[in-house]
Amino acid sequence: MTRLPDTYESYWMETGTGPEYPALTGDLDVDVAVIGAGIAGISTAWELGRAGARVALLEADRLAAGVTGHTTAKLSAQHGLLYARLRKSFGAEGARQYAQSQQEAVDAVERVATELGIDCELERVPAFVYMESADAVDQLRAEAEAAREAGLAASVVSDTDLPYPVAGAVRAEHQAQFHPRKYLLALVADLVGRGGVVHERTRIVSLDEGEPCRLTTEGGAQIVARDVVVATHYPVFDRALMFSRLEPHRELVVAGVLPADQDPHGMYLTQERNTRSVRTAPYGEGERLLIVTGEKFKPGVGDVSERHERLAAWTEERFPDVRITHRWAAQDNTTTDGVPFVGPFHPGSRHVYVAAGFGGWGMSSGVMSGRLLCALITGGEPPWASLYDPRRLHPREAPSLLKVQGSVLKHFVGDRLRSSHVDTVDDIPPGTGALVRVGGRKCAVYRDESGATQAVSARCTHLGCLVLFNDAERAWECPCHGSRFAVDGSVLQGPAVRPLEPRPLPEGDESD
């Protein structure tokens, strides 16, 4: 069995450090309040600050420490086998607008990094979508044709610098990879220098869409703003019913040191074998850091430890000289029509905007979101605004929408019909968690290595689905909409904004 690191540590979090910003304790009045400080929120706040707006950037945890801090940081306009599908669903012009907006975002990062003197390890490399099965080559040719028609410099190749053969690949030129936290923390510093206000550990729990808008923090502070941007990855407010059009998924990451002469010189993706994504990053003298992603699954579903072992074994099989040093996990949301939601929050919105549903391509989409939202808020409208408009309803998304809601209903109803996940608290092994019926109610119970137990409500505070235990990361996860909670019930990731309520356990084992 492959030896994996004992701890979960993102390489970006370990090597991209920055100052702490204070929690908001008093009231605040600004032009624009941006909720969420991942790449979309930071990019939006920075663009608005540069345009002269008084901006407050509000983050429930730490800056760029959530999904953005656990990405693979591919900065690419090539998003898998996408363009043939876009051309079919949105027409040739829609595919062209998507490619243009995404490629401009890639180019913007290099331009801004140069302008601000940011050392974010940015490298220009090609991006590849490859297949090992010869049966898929026709699909690759169709994708390359659609990507070229959309404006990307794409071609079909049969040879790559991967250390194993492929049947074919779509190669897209002029893409990039970088260190996301080094880039984004520098943007925040520049925002503050322009008069922007930044607050970490500041969770927003309510939104009043008046004129002006009013936000309330978990601690009771009030923020008044003309405009509000919800950039919390999964929107923390449900009034737009986006939960019915977003599907969460998690992917695992392993990273390790590789001799520099074995660098495959590019960013690679295949949708075979439950997704495998490969890239490298600068590391030490004569070395590169190999980063491999895959094993896509829904939050709360599946044996995560086993999946991580499988991904690590694949990595060592394909790159025998790698020494695995890190492992972590990433989460993203995919819209039912495959295009992100960026724009007015819902049909009645006048001053509230959203950015969500990046489908695993948050680096380019997050930067694109900042540019698009800044334009909308300051009175402009890029030609691709309607493509990303969250108020759109596309006939082709109906099957996906029904599939998403069918999955949610399966968990919402089916998980309740199970008598219990284990019969008693005593059945829970140390270091794991399970659902147990205690006093007639299902509780989420965690037992640590010493045998001590901690029980919380099993109902997600977002919309009430039952949470399930992630054995590797030791977290409670909602399989319906992707909220994640620590074993003590505190919120790790939205859309939930309230913790799981603590539940007392009776003396001895009196569970039903």
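Refer to the preceding data block for the structure.
Being a predicted model, the structure only gives us computed values, none of them experimental.

A. Quick peek at empty space enclosed by the protein. Overall, the coordinates contain two cavities of 30 Å³ or more when judged by the stated rule. By volume, the largest cavity amounts to about 40 Å³. Around the largest cavity, the lining residues are Lys74, Ser76, Gln78, Ala127, Phe128, Met267, Tyr268, Leu269 and Trp361. If you list the elements that add at least two residues to the lining of the largest cavity, you get β4 (123-131) and β12 (267-270). The element contributing the most residues to the lining of the largest cavity is β12, with three residues. A class-by-class count of the residues in the lining of the largest cavity yields six nonpolar, two polar and one charged. Put simply, the second largest cavity is a space of about 40 Å³. Lining the second largest cavity we find Gly18, Pro19, Arg62, Leu63, Arg181, Leu185 and Glu200.

B. Region of the structure containing the side chain of His326. Tracing the backbone through its elements, the reader meets His326 in strand β15 (residues 323-335). Since its relative accessible area comes to 5%, His326 is described here as buried. At a separation of 2.7 Å, a polar atom in the side chain of His326 contacts the side chain of Thr325. Ignoring sequence-local partners within four residues, the contact set of His326 consists of Pro5, Glu9, Tyr11, Glu14, Val253, Val254 and Ala255.

C. Just the packing of aromatic side chains, in detail. Tallied over the entire structure, the rule returns twelve aromatic pairs. Relative to Trp12, the ring of Tyr11 has its centre 5.4 Å away and its plane inclined at 70°; by these criteria the two rings are edge-to-face. Given the relative accessible area of 6%, Tyr11 is considered buried. For Trp12, a relative accessible area of 0% translates into the label buried.

D. Focus on the sheet that holds strand β23 (residues 484-485). One open sheet accounts for four strands, arranged β21-β22-β23-β24; its pairing is antiparallel. The sheet terminates laterally at β21 (468-470) and β24 (491-493), the two strands that pair on one side only. Pairing analysis gives three bridges linking β21 to strand β22 (residues 475-477), with the strands arranged antiparallel. Residue pairing in the sheet places Phe469 in a bridge with Trp476 of β22.

E. Main features of the packing of helix α3 (residues 83-116) against helix α5 (residues 180-193). For the pair α3 and α5, interaxial distance at closest approach is 11 Å and the crossing angle is 55°. Taken together, the axes of α3 and α5 are oblique relative to one another. The two elements α3 and α5 cross, and the hand of that crossing is left-handed. Here α3 contributes Val109, Val112, Ala113 and Leu116 to the contact with α5, which in turn contributes Tyr183, Leu187 and Asp190. Of the residues contributing to the contact of α3 with α5, the split by class is six nonpolar, no polar and one charged.

F. Representation of the state of the cysteines. With the rule as written, the count across this model stands at one disulfide. Between Cys443, a free cysteine, and Cys460, which holds the nearest cysteine sulfur, the sulfur-to-sulfur gap is 16 Å. Of all cysteine sulfurs in the structure, the one in Cys478 sits closest to Cys460, which takes part in no disulfide; the separation is 4.0 Å.

G. A look at the sheet that holds strand β20 (residues 453-457). Sheet architecture is open: three strands sit in the order β18-β19-β20, paired in antiparallel fashion. Only two strands of the sheet have a single partner each, and these edge strands are β18 (432-438) and β20. Ignoring strand direction, the axes of neighbouring strands in this sheet form an average angle of 30°. Summarising the sheet, strand β19 (residues 441-447) and β20 pair through five bridges and their orientation is antiparallel. Each residue of the ladder has a partner; that of Tyr446, found in β20, is Gln454.

H. Examining the environment of Glu9 more closely. Note that Glu9 resides in the segment before α1 (11-15). Exposure remark for Glu9: the relative accessible area of 33% places this residue in the partly exposed category. Measuring from C-alpha to C-alpha, the distance between Glu9 and His326 comes to 6.1 Å, with 317 residues separating the pair along the chain. Sequence-distant contacts of Glu9, that is, excluding residues within four places in its chain, are made with Glu14, His326, Arg327 and Trp328.

I. Representation of the pairing of β4 within the structure. Within β4, seven of the nine residues are buried, which leaves it mostly tucked inside the rest of the structure. As paired elements, β4 and strand β6 (residues 168-177) share eight bridges and run antiparallel to each other. The partner of Glu123 across the bridge, within β6, is Gln177. Two elements, β4 and β12, share three bridges in a ladder whose sense is parallel. Bridging across to β12, Val129 finds its partner in Leu269.

J. Structural context of the nonpolar core. One finds Leu57, Tyr83, Phe178, Tyr183 and Tyr388 to be the most contacted residues of the largest nonpolar core, which totals 81 residues. It is α3 that provides the largest number of residues to this core, a total of twelve residues. Beyond its immediate sequence surroundings of up to four residues, Tyr388 is in contact with Tyr98, Ser101, Gln102, Val339, Pro340, Phe341, Val342, Met368 and Leu372. Core analysis: the next-biggest nonpolar cluster, separate from the first, contains 28 residues, Leu28, Ile35, Val228 and Phe243 among them.

K. Molecular detail of α5. Helix length check: α5, at 14 residues, gives a terminal C-alpha distance of 20 Å against a target of 20 Å (1.5 Å per residue), a fit within 8%. Taken together, the buried positions of α5 are occupied by Pro180, Arg181, Tyr183, Leu184, Leu185, Leu187, Val188, Asp190 and Leu191. Packing partners of the buried residues in α5 comprise α1, α2 (39-50), β2 (55-58), α3, β7 (197-199) and α7 (362-377). Once α5 ends, the next one or two residues include Gly195, with phi positive near 100°.

Reading the values: the criteria
- Residues numbered from 1 in each chain as written.
- Predicted model: local features only at pLDDT ≥ 70, side-chain atom pairs only at ≥ 80, totals over all residues.
- Heavy atoms only, no water.
- 1 Å grid on protein atoms, 1.4 Å probe; cavity = no way out; pocket = protein on both sides within 12 Å on 5 of 7 lines; lining within 4 Å.
- Points joined across faces, edges and corners; volume = space filled by probe spheres on them.
- Helix = DSSP H or I, 4+ residues; strand = E, 2+ residues; numbered from the N terminus.
- Nonpolar A, V, L, I, M, F, W, Y, C, P; charged D, E, K, R; others polar.
- Buried < 20%, exposed > 50% of the residue type's maximum accessible area, 1.4 Å probe, protein only.
- Polar contact = N/O pair within 3.5 Å; in protein donor to acceptor, adjacent residues only side chain to side chain.
- Contact = heavy atoms within 4.5 Å.
- Phe/Tyr/Trp six-rings, centres within 6.5 Å; stacked < 30°, edge-to-face > 60°.
- Pairing = 2+ DSSP bridges.
- Axes fitted to C-alpha atoms, helices over the stretch in contact; angles between N-to-C directions.
- Parallel < 35°, antiparallel > 145°, perpendicular 65-115°, else oblique.
- Left-handed = near helix turned anticlockwise from the far one by under 90°.
- Disulfide = S-S within 2.5 Å.
- Core = buried A, V, L, I, M, F, W, Y, C linked by side-chain atoms within 4.5 Å.
- Expected span 1.5 Å × (residues − 1).

Note that all results are geometric; they support no functional claim without further evidence.
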